[in-house]
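What follows is each chain in one-letter form.
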Amino acid sequence: MKDNPIYLFFLLTTLLTVGSVSAQPGLAPSDDKSPKLWSPYRISPRTGAQHIALSGSGWELSHTDAPVADLKTPRKDPFPTHVPNSVHWSYFKAGKLPHPYYHKNSTQYRWLEEKVWYYRKTVNLPASAQGSLLFLCFDGVDYFSKVWVNDSLVGVHEGMFGGPSVEISRLVRWGQANEITVEVRAGNWGNKATDYENLPRTSTGDYDFSKRTGFNPRASGRIIKPWVISGGSGGEAFFSVGMWQGARLEIVPPIHLERPYLTTKTVSNGKAELHLSGEVFANRHSLQQQLHPWNNTQLNHPNEKGTVFSPVNEKLSLLVELISAQSTVLSKEFPLTLYEGRNWFEHDLTLPNPKLWQPNGLGEPNRYTVKVTLKQAGKTADVLQFDYGIRTIDRVATAGPRIADRWENWQFVVNGRKIFVKGMNFTPQDILLDLPQERYRWTLEAAKKMGVQLIRIWGGGLLETDAFYDICNELGIMVWQDFPIGNQDTPDFPQDIWEAQVVQNITRLRNHPSLVIWCGGNEFNPYSSGNAKSIGILERNLDIFDKSRLFVRTTPDDGSMHAYPDMDPTWYNRSYQFEPWVSETGMHSIPEASLFYETVDNKEFTGLGKMWDKSFGAAHPEFIHHFTEYGPGRVPRMLSRASHVADMADPTIESIAEASQIGAGEFYQILSEKMQGNYPVTAGLMPWVFKRHWPVIAIQMLDWFGNAGAPYYFLKRTYEPTHVAIDLPRLLWKPGERMALPVKITNSVPTGIAGAKVSVRVFDDTFKALWQQEKAVNVGAGTSVSEVNAGDYTIPANYRDRFLLILIELRDAGGKLLSRSFYFPRSLSMLEEDGFYQKYVSTPIPWPTLEKGPFLKASVAKTATSLTSAVVSGEPLGKDQSRLRVRIRNTGNVPAFMTKVDIVGTKRAIVASDNYNWLAPGETQELTLDVLWREPETRKNATLSVSAWNAPTITAKLP
């Protein structure tokens, strides 16, 4: 038995150690005596009988105060749970602790990161698989882990983004039950940080984080963990731990496939030229391999006999199939000549009449199933398959000047078409890593409906899950993937562990058509001495494992910028006129009031107009607990925007939420129109941020529950395929000034629009028409910016401290409305003070607060109209989701302003086709509402609510 070569290679697996671990005071490195299970080589998932999913129910979770040497040692509080999940969510879903995001319940969870956690599961293995390799694979364990199989410790692991993986066929009982146990400790094990809410505050009112001891998420030492889930800004109350990704068993023959990689070389003349590469192992496997030595040596120095090649005397072949709509459109079989050990294959493929994967708004995201079959003596031995989209994404220089040594080409050319990229930033779906596919789908479908073409996975967050990428592939959403380095130097990253995480994820994600950019991380200096080796590991491995995509070392860099100005947003195309790519920008707002009624003590909804007074925090502990980055850089600028919408002296929670959202919405609308209108100098925009990872006040389009706020709709309207905008010079004016009203039409449709008409109308704040102009225009084929001079409007000399309302519409030659935008600039007496006026018009200054008005909502509410509504249809979309079609009509004689459709009487999230919009007199609109019923038991109480700022609310029971 011991002379059997297969037995010897199994033995070698148990002895293999990849890398080394050095101890550091206060932390818990892996046991040096145990095999190290971090490896750069990810085991490819199989399907069918080759794959046994370990995710789901059937796991037991328990804990101890210190790691155990013997699994027979009693453990505390065992209870059933499911995987994937964090320990935090396991406790909540088992009813052991209250909701972690409500009130200040997070304090009841902080002991979890101090314990040692044990997951245990029993699994039956088929006797028929005996003689195969059996890989036990964990796709993400956070953070330190050990693995036992049937009481045998198989090894230890560090890192949360892939692994551990181990070959366990020698340890299992085939045809019988087997027990798998996983020990998990948090990344801050033995180094817990000071409770941030006990820190003193600085003179500005911020927490003094310089006084915080223990684990520092912005200087994480040897722990490779993003800061948002490890107590960083906006997530100080939480530190995740647990089996946050799935687990699986892969049954693999001794001769088997690994890590196929398909790329599109060219698409032209009605055919796609593809290249497929991959690995075949003969009586060896991936986890016996070493990417390179970790000491100084010559890398290839054979002796005088050369490298030994032992042929495999088997009839072997490789069958490659591309399948579309369950029909095979390409099938090629290639003979294989193998040698013992590891082999590569490389094959070119030609596919006639390819259906291309197109990003959102440019066409259909067509995909193929790629099936790679290893045949042995004519019979199927091993199968791997994956989805793939054929597309070409190139980049050329933008039209603006190059102003630095490091300067990327930011003009995207997608399948031969230059485009302006409409993007968004993305933080984790959930700060405690509850990431079911249904929640991803809700969020990503909302992004698609908004017109988003590219999502950036921010470097303070995750290397995202397979479910996230699968849905982006399906929806046609391109992905920019940061690696998890955020705002820090990383001199202490263990290079072997970092490289294992990097390579595992490159090979995991590289076949996804949605993946278009790799990025080193967020707002860190990749050129610092502390980051040079970390970024070097990234660059060299992308060069080895994925040359097909752009790599940028960080953002902002290379011509991309981050900016969070507190200014009139009309400055964007002046201040940033030569910026080729806007990677981050945005404005704070407060999510809808119902979120706070659900999560915060309602007694705290007083004194909200004094939100930045030093005494506010002590009197509003739960409210501040739910405020991301509560500080002087956030609160005043949010309130100053809100003060133009409603009186902020002593607002209700409803008023301050609505006003801050409208203020932020105006900001997003203007900045988006300015940067899109700056094309082709500026070629992409990724505002911050699409959705929040727990219920907080922050910059966001969707709140944690999945409800779209006003900024979502204001930005959505600018992301439509053809959009008309007034290129306003500014938002604040003085009485008697002449206001220029130039028009820009951004078009991403590949055909132009001949004979179109643009109309511009100016109203006073009682909706009295003051001025109008209509112009003919031929809109250029996309991607284009067409300009129209609509003339000037002179504000009356006595029109003081009032709003102007501007409506612009684009119609085709037949009169069909193609695009509409509306604006509410102010004529203010404060601009008659020459010193303020000169500063405001000559330089971007902080946005002024209007303590005495005018207030937009109160102004337009004085001139009333009326609405009617009807539910046209309703249909289920899946579990606890519906789609409603609602028809609303303005039956009055003036426009309905900020028309809103809502559902009240139950807990829900809504993503509508439009909201907070302009409805002309006599106009009928049909809107779609996608509804997530968060509390199905109260759904029967749901009521449709339709309102406008100048129309009374009408309600109707839903069918």
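Conventions adopted
- Residues numbered from 1 in each chain as written.
- Predicted model: local features only at pLDDT ≥ 70, side-chain atom pairs only at ≥ 80, totals over all residues.
- Heavy atoms only, no water.
- Helix = DSSP H or I, 4+ residues; strand = E, 2+ residues; numbered from the N terminus.
- Rg over C-alpha atoms; globule rule 2.2 N^0.38 Å.
- Buried < 20%, exposed > 50% of the residue type's maximum accessible area, 1.4 Å probe, protein only.
- Contact = heavy atoms within 4.5 Å.
- Areas by Shrake-Rupley, 256 points an atom, 1.4 Å probe, with all protein chains shown as cover.
- Lys, Arg positive; Asp, Glu negative; His and termini not counted.
- Charge placed at Lys NZ, Arg CZ, Asp CG, Glu CD.
- Expected span 1.5 Å × (residues − 1).
- Pairing = 2+ DSSP bridges.
- Axes fitted to C-alpha atoms, helices over the stretch in contact; angles between N-to-C directions.
- Phe/Tyr/Trp six-rings, centres within 6.5 Å; stacked < 30°, edge-to-face > 60°.
- Lys NZ or Arg CZ within 6 Å of the ring centre and 35° of its normal.
- Core = buried A, V, L, I, M, F, W, Y, C linked by side-chain atoms within 4.5 Å.
- Salt bridge = Lys/Arg side-chain N within 4 Å of Asp/Glu carboxyl O.
- Disulfide = S-S within 2.5 Å.
- pLDDT = per-residue confidence, 0-100.
- Left-handed = near helix turned anticlockwise from the far one by under 90°.
- Nonpolar A, V, L, I, M, F, W, Y, C, P; charged D, E, K, R; others polar.

### Comments concerning the overall build of the protein
(1) Moving on: A tally of helices and strands in the protein yields 15 helices and 46 strands.
(2) Moving on: In terms of overall dimensions, the protein is globule-like: its C-alpha atoms have a radius of gyration of 30 Å, near the 30 Å expected for 959 residues.
(3) Moving on: For the C-alpha atoms alone, the extent of the protein along its principal axes is close to 100 × 65 × 60 Å.
(4) Moving on: Within the protein, the proportion of its 959 residues that are buried is 62%.
(5) Moving on: Considering only intrachain contacts with a sequence separation of at least 6, the fraction spanning at least 24 residues in the protein is 72%.
(6) Moving on: A total accessible area of about 35,200 Å² is found for the protein, and carbon and sulfur atoms account for 49% of it.
(7) Moving on: Taking the average location of the 101 positive side-chain charges in the protein and that of its 99 negative ones, the two points are 2 Å from each other.

### Observations regarding helix α5 (residues 495-509)
(1) Moving on: If you check α5, its first and last C-alpha atoms are 21 Å apart, about what 15 residues at 1.5 Å a residue would give, namely 21 Å.
(2) Moving on: Across the 15 residues that make up α5, a large majority, 14, are buried.

### Some thoughts on unusual backbone geometry
(1) Moving on: In the segment running from Thr555 into Pro556, the intervening peptide bond is cis, with an omega of 5°.
(2) Moving on: With respect to the helices and strands, Pro556 occurs in the loop between β25 (550-552) and β26 (560-562).
(3) Moving on: For the peptide bond that leads from Gly782 to Thr783, omega is 0°, which places it in the cis range.
(4) Moving on: Inspection of the secondary structure assignment puts Thr783 in the loop between β33 (769-779) and β34 (784-794).
(5) Moving on: Its identity is not glycine, yet Asn283 carries a phi of approximately 60°, on the positive side.
(6) Moving on: In this fold, Asn283 is placed in the loop between β12 (271-282) and β13 (316-324).
(7) Moving on: Here Asn283 falls in the partly exposed class, since its relative accessible area comes to 22%.
(8) Moving on: For Leu433, which is not glycine, the phi dihedral falls at a positive 65°.
(9) Moving on: Position of Leu433 relative to the elements: it lies in the loop between β21 (421-426) and α3 (437-450).
(10) Moving on: A residue is classified by how much of its surface remains accessible, and Leu433, at 2% relative accessible area, is buried.

### Concerning the sheet that holds strand β6 (residues 144-149)
(1) Moving on: Taking strand neighbours across the sheet as the criterion, the six strands line up as β3-β2-β4-β9-β6-β7 in an open arrangement whose pairing is antiparallel. Every other strand in the sheet has two partners, leaving β3 (76-83) and β7 (152-157) as the edge strands with one partner each. On average, each strand axis in the sheet is inclined to that of its neighbour by 25°, with strand direction left out of account.
(2) Moving on: Pairing of β6 with strand β9 (residues 177-185) involves six bridges; the strand directions are antiparallel. In the sheet register, Val149 faces β9, and the bridge partner there is Ile180.

### Structural notes on the environment of Ser220
(1) Moving on: Relative to the elements of secondary structure, Ser220 occurs in the loop between β9 and β10 (247-252).
(2) Moving on: Judged by its relative accessible area of 4%, Ser220 falls in the buried class.
(3) Moving on: Sequence separation of Ser220 and Leu932 is 712 residues, and the distance between their C-alpha atoms is 38 Å.
(4) Moving on: Ignoring anything within four residues of it in the chain, the contact list for Ser220 reads Phe215, Gln488 and Phe493.

### Things to note about the packing of aromatic side chains
(1) Moving on: Summed over the entire model, instances satisfying the criterion amount to 54 aromatic pairs.
(2) Moving on: For the ring pair Phe483 and Trp518, a centre distance of 5.2 Å and an interplane angle of 25° mean the geometry is stacked. Placement of the pair is Phe483 in the loop between β23 (478-482) and α5 and Trp518 in strand β24 (residues 515-519), with a sequence separation of 35 residues. For the pair formed by Phe483 and Trp518, the shared burial category is buried.
(3) Moving on: A ring pair is formed by Phe836 and Tyr840, whose centres lie 6.2 Å apart and whose planes are at 5°; its orientation type is stacked. Taken as a pair, Phe836 and Tyr840 lie in helix α14 (residues 834-842) at a separation of four residues, close to a single helical turn. Accessibility classification places Phe836 together with Tyr840 in one group, the buried group.
(4) Moving on: Each member of the aromatic cluster is reached from another via a ring pair, and the members are Phe714, Phe763, Phe767, Phe822, Phe824, Phe897, Trp918 and Trp949.
(5) Moving on: It is Arg201 that lies over the ring of Tyr207; its NZ or CZ is 4.0 Å from the centre.
(6) Moving on: We note Arg510 situated over the ring of Tyr261; from NZ or CZ to the ring centre the distance is 4.3 Å.

### Section: the nonpolar core
(1) Moving on: Formed by 208 residues in total, the largest nonpolar core has its most connected members in Met611, Phe623 and Phe897.
(2) Moving on: Counting residues per element, this core draws most heavily on helix α12 (residues 653-676), at 10 residues.
(3) Moving on: Each residue touching Phe623, except ones within four places of it in the same chain, is listed here: Phe596, Val600, Glu604, Phe605, Leu608, Met611, Phe616, Ile653 and Ile697.

### What to know about the pairing of β9
(1) Moving on: Buried residues dominate β9, accounting for seven of its nine residues.
(2) Moving on: With eight bridges connecting them, strand β4 (residues 116-124) and β9 associate as antiparallel partners. By the bridge assignment for β9, Asn124 is matched with Ala177.

### As for the pattern of salt bridges
(1) Moving on: One pass over the structure, following the stated rule, counts 64 salt bridges.
(2) Moving on: Measuring nitrogen to oxygen at the nearest pair gives 2.8 Å for the salt bridge that ties Arg259 to Glu279. Within this pair, whereas Arg259 is found in strand β11 (residues 255-268), its partner Glu279 is found in strand β12, the two being separated by 20 residues in sequence.
(3) Moving on: Judged by its relative accessible area of 5%, Glu279 is buried.
(4) Moving on: Between Arg641 and Asp566 there is a salt bridge; the shortest N-O distance is 3.2 Å. In this pair, Arg641 sits in helix α11 (residues 635-642) while Asp566 sits in the loop between β26 and α7 (572-575), placing the two residues 75 residues apart along the sequence.

### Thoughts on the state of the cysteines
Two cysteines, two sulfur atoms, one covalent bond between them: this is a disulfide.
(1) Moving on: Scanning all chains against the criterion turns up zero disulfides.
(2) Moving on: Distance from the sulfur of Cys519, which forms no disulfide, to the nearest cysteine sulfur (Cys472) is 17 Å.

### Points about the confidence of the model for the protein
(1) Moving on: Overall, the prediction assigns the protein a mean pLDDT of 95, with 97% of residues at 70 or greater.
(2) Moving on: Considering only residues more than four positions removed or in separate chains, one finds that residues 1-28, a stretch of pLDDT under 50, has 55 contacts.

### Some thoughts on the pairing of β4
(1) Moving on: Direction of pairing for strand β2 (residues 56-64) relative to β4: antiparallel, over a ladder of six bridges. Each bridged residue has a counterpart across the sheet, and for Leu61 the counterpart in β4 is Tyr119.

### With respect to the packing of α3 against helix α4 (residues 466-475)
(1) Moving on: Interaxial distance between α3 and α4 falls to 10 Å at its minimum, and their mutual angle equals 35°. Between α3 and α4 lies a crossing of right-handed hand. Between α3, through Gln437, Tyr440, Arg441, Leu444, Glu445 and Lys448, and α4, the contact on the second element is made entirely by Ala467, Phe468, Ile471, Cys472, Glu474 and Leu475.
(2) Moving on: For the contact of α3 with α4, the class distribution of residues is seven nonpolar, one polar and four charged.

### Here we look at the sheet that holds strand β43 (residues 917-919)
(1) Moving on: Strand order across the open sheet formed by four strands is β43-β41-β45-β46, with antiparallel pairing between neighbours. At either margin of the open sheet sits one strand with a lone partner, and together these are β43 and β46 (951-957). Taking each pair of neighbouring strands and ignoring which way they run, the sheet shows an average axis angle of 30°.

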